[in-house]
Amino acid sequence: MQAAVLTGIRKIALCTIAAPPPLQAHEVLLRVMTAGVCGSDRHYFTAGRIGEQAVTFPFIIGHECAALVEQTGAAVTQLRTGDRVAVDPAVSCGDCDQCRAGRPHTCRNLLFLGCPGQLPGCFAEYIVMPERNCYPLPAHVSYAQGVLAEPLAIAIYALDFMDPRPGQSIAILGAGPIGLCVLAAAQARGMEQIYVTDIVNERIKAAQQAGAVWTGNPHIIDIVQELLHQGVQPDAVFECCGSGEALQQAIQILKPGGKLIIIGIPNEARIAFNIHTLRRKEITIINVRRQNKTTAAAVQLLAQGRVNLDFLLTHRFPLAEAQAALDQVSDYKDGVIKAIIDVNSSR
Ligand SMILES: [Zn+2]
Ligand SMILES: [Zn+2]
């Protein structure tokens, strides 16, 4: 089968590789139809690592995908050949203390699609996943929309930490795919007071069009002063850009008793906060590790049309042009928000 293989820093080659091994009883063989390029893929592509997690080349990245069930293992009960599915990329063991405590996303033996040392990714024609990681897509949800179930699941999970109530406000720092999914998921929960920042103008525009009440570019204005001026102190700030600066802005703008919810992946390994600001405001810092059991809710929101994320899908590439897709996302070229790769031609 064909796969787009990461062969070095900023190098992807289209290669013919061995087909996946025979299925275990609870597994399904998936024909990957469409895959998304995520910010974390960008880290592996440009730096070969995220923190201690380093790529050994060659390696296949990619963890966001929607697929067609090609074959089912002997003990598969819910899925059939020909089903269209969104994929939860996290394969947990079901047996460790974390899994038993209802935290499969921090499973001690976690195998995550496209994560170095865990599972090869989905920028390949076929992957094998356990049946329980596959969520059927209704016919009116496209594969491209199905890909967005993964970032949307993260947004839903992050919002759960806030437990939003009517009349509350939030700020989203970073209007990439995750930030915009948080925006859409927050709106689906009835939130209206949503403030968004980004340093890319196309992303600011996207946030405005999606209904943010205020947007600002921290490279152009002092967003802390600006919000202070308007008397805005959000109840929660969602950090979705992986920027140390944004994390500082977050604690400055938050309301006392507010929550800083960190989803972004910073380049730096250490972040320092002004402890006096944190303690005087009694700010809670919450780290979001991907998502936990929210993929079904994401697929449901998409299926019911309660969120429309089509505006995120700015660019499409065939598998043979995976290099261009990764380059584009890495350099924020051409107003890209989410680039997707049509791995197999759509049916
Ligand atoms: Zn992702
Ligand atoms: Zn486990």
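Model, not experiment: these values are computed from the prediction.

Q: A description of the pattern of salt bridges should follow, citing residues and the corresponding values.
A: Under the criterion given, the structure shown has eight salt bridges. For the salt bridge of Glu64 with Lys338, the shortest nitrogen-to-oxygen distance reads 2.7 Å. Residue Glu64 is located in strand 6 (residues 64-72), and its partner Lys338 is located in strand 19 (residues 338-342); the two are separated by 274 residues in the primary sequence. Taking the relative accessible area as the measure of exposure, Lys338 reaches 1% and is therefore buried.

Q: How would you explain the sheet that holds strand 13 (residues 193-197) if you had to name every residue and give the values?
A: One open sheet accounts for six strands, arranged 14-13-12-15-16-17; its pairing is parallel. What marks the edges here is a single partner per strand, and that holds for strand 14 (214-216) and strand 17 (284-287). Direction aside, the axes of adjacent strands within the sheet are offset by 15 degrees on average. The strands touched by helix 4 (residues 149-162) within the sheet are strand 12 (169-173), strand 15 (236-239), strand 16 (259-262) and strand 17, with strand 16 carrying the most contacts at an inclination of about 160 degrees.

Q: Run through the packing of helix 4 against helix 10 (residues 295-303), naming residues and quoting values.
A: In the contact formed by helix 4 and helix 10, the axes pass within 8 Å of each other and the chain directions differ by 110 degrees. One element, helix 4, and the other, helix 10, form an angle in the roughly perpendicular class. Remark: the crossing between helix 4 and helix 10 carries right-handed chirality. Touching Ala149, Leu152, Ala153 and Ile156 of helix 4 are Thr295, Ala297, Ala298, Val299, Leu301 and Leu302, all from helix 10.

Q: Kindly report on the packing of aromatic side chains, identifying the contributing residues and their values.
A: One pass over the full model with this rule turns up two aromatic pairs. Centre to centre, the rings of Tyr157 and Phe161 are 4.9 Å apart; their planes meet at 65 degrees, and the pair counts as edge-to-face. Taken together, the residues Tyr157 and Phe161, both in helix 4 and four residues apart, mark about one turn of the helix. On the basis of relative accessibility, which here comes to 10%, the residue Tyr157 falls in the buried class. Classification of Phe161 as partly exposed rests on a relative accessible area of 29%. Look at Tyr195 and Trp214: their rings are 6.3 Å apart centre to centre, the planes differ by 45 degrees, and that puts the pair in the tilted class. A residue pair is termed long-range when its members are at least 10 positions apart, and Tyr195 in strand 13 and Trp214 in strand 14 qualify at 19 residues. Side by side, Tyr195 and Trp214 carry an identical accessibility label, which is buried. Above the ring of Tyr143, the side-chain terminus of Arg84 is found at 4.5 Å from the ring centroid. Across from the ring centre of Phe112, 3.5 Å away, lies the NZ or CZ of Arg290, which sits over that ring.

Q: Can you explain the coordination of the zinc ion (ligand 1)? Please cite residues and give values.
A: Looking at the metal site, the zinc ion (ligand 1) is ligated by Cys38 (SG), His63 (NE2), Glu64 (OE) and Glu150 (OE), spaced 2.2 to 2.8 Å from it. The site at the zinc ion (ligand 1) holds four donor atoms, and with the angles between them running 76 to 162 degrees, its shape is irregular. In primary sequence terms, the donor set of the zinc ion (ligand 1) follows C-x24-H-E-x85-E.

Q: How would you explain the domain arrangement of the protein if you had to name every residue and give the values?
A: Annotation of the protein at the domain level lists domain 1 (2-148 + 309-342) and domain 2 (152-287). The straight-line distance from the C-alpha centre of domain 1 to that of domain 2 is 27 Å. The partner domain 2 presents 14 residues to the 13 residues of domain 1 that form the contact. On the surface where domain 1 and domain 2 come into contact, there are three residue pairs in polar contact (both at pLDDT 80 or more). Each residue belonging to the side of domain 1 that touches domain 2 can be placed in one class, and the counts come to eight nonpolar, four polar and one charged.

Q: Which residues make up the environment of Ala54, and what values go with them?
A: Secondary-structure assignment places Ala54 in strand 5 (residues 53-54). Residue classification places Ala54 among the partly exposed residues on the basis of a relative accessible area of 31%. Sequence separation of Ala54 and Met1 is 53 residues, and the distance between their C-alpha atoms is 25 Å.

Q: Tell me about the coordination of the zinc ion (ligand 2), and name the residues and values.
A: All of the protein donors around the zinc ion (ligand 2) are Cys93 (SG), Cys96 (SG), Cys99 (SG) and Cys107 (SG); their distances to the metal are 2.3 to 2.4 Å. Seen from the zinc ion (ligand 2), its four donor atoms lie at angles of 100 to 119 degrees, and the figure they make is tetrahedral. Since its relative accessible area comes to 7%, Cys107 is described here as buried.

Q: Break down helix 10 for me, with residues and values.
A: Residues of helix 10 that are buried: Thr295, Ala298, Val299, Leu301 and Leu302. Buried residues of helix 10 fall within an arc of 160 degrees about the axis and therefore sit on the same side. Where helix 10 is buried, its residues touch strand 7 (84-87), strand 11 (134-136), helix 3 (143-147), helix 4 and helix 5 (177-188). After helix 10 finishes, the residue Gly305 shows a positive phi value of roughly 70 degrees.

Conventions used here
- Residues numbered from 1 in each chain as written.
- Chains lettered and ligands numbered in written order.
- Predicted model: local features only at pLDDT ≥ 70, side-chain atom pairs only at ≥ 80, totals over all residues.
- Heavy atoms only, no water.
- Salt bridge = Lys/Arg side-chain N within 4 Å of Asp/Glu carboxyl O.
- Helix = DSSP H or I, 4+ residues; strand = E, 2+ residues; numbered from the N terminus.
- Buried < 20%, exposed > 50% of the residue type's maximum accessible area, 1.4 Å probe, protein only.
- Pairing = 2+ DSSP bridges.
- Axes fitted to C-alpha atoms, helices over the stretch in contact; angles between N-to-C directions.
- Contact = heavy atoms within 4.5 Å.
- Parallel < 35°, antiparallel > 145°, perpendicular 65-115°, else oblique.
- Left-handed = near helix turned anticlockwise from the far one by under 90°.
- Phe/Tyr/Trp six-rings, centres within 6.5 Å; stacked < 30°, edge-to-face > 60°.
- Lys NZ or Arg CZ within 6 Å of the ring centre and 35° of its normal.
- Donors = N, O, S within 2.8 Å, 3.2 Å for Na, K, Ca; no water.
- Tetrahedral: all angles 85-135°; square planar, octahedral: opposite > 155°, others 65-115°.
- Domains from an automatic or database assignment.
- Polar contact = N/O pair within 3.5 Å; in protein donor to acceptor, adjacent residues only side chain to side chain.
- Nonpolar A, V, L, I, M, F, W, Y, C, P; charged D, E, K, R; others polar.
- Arc of directions from axis to C-beta.

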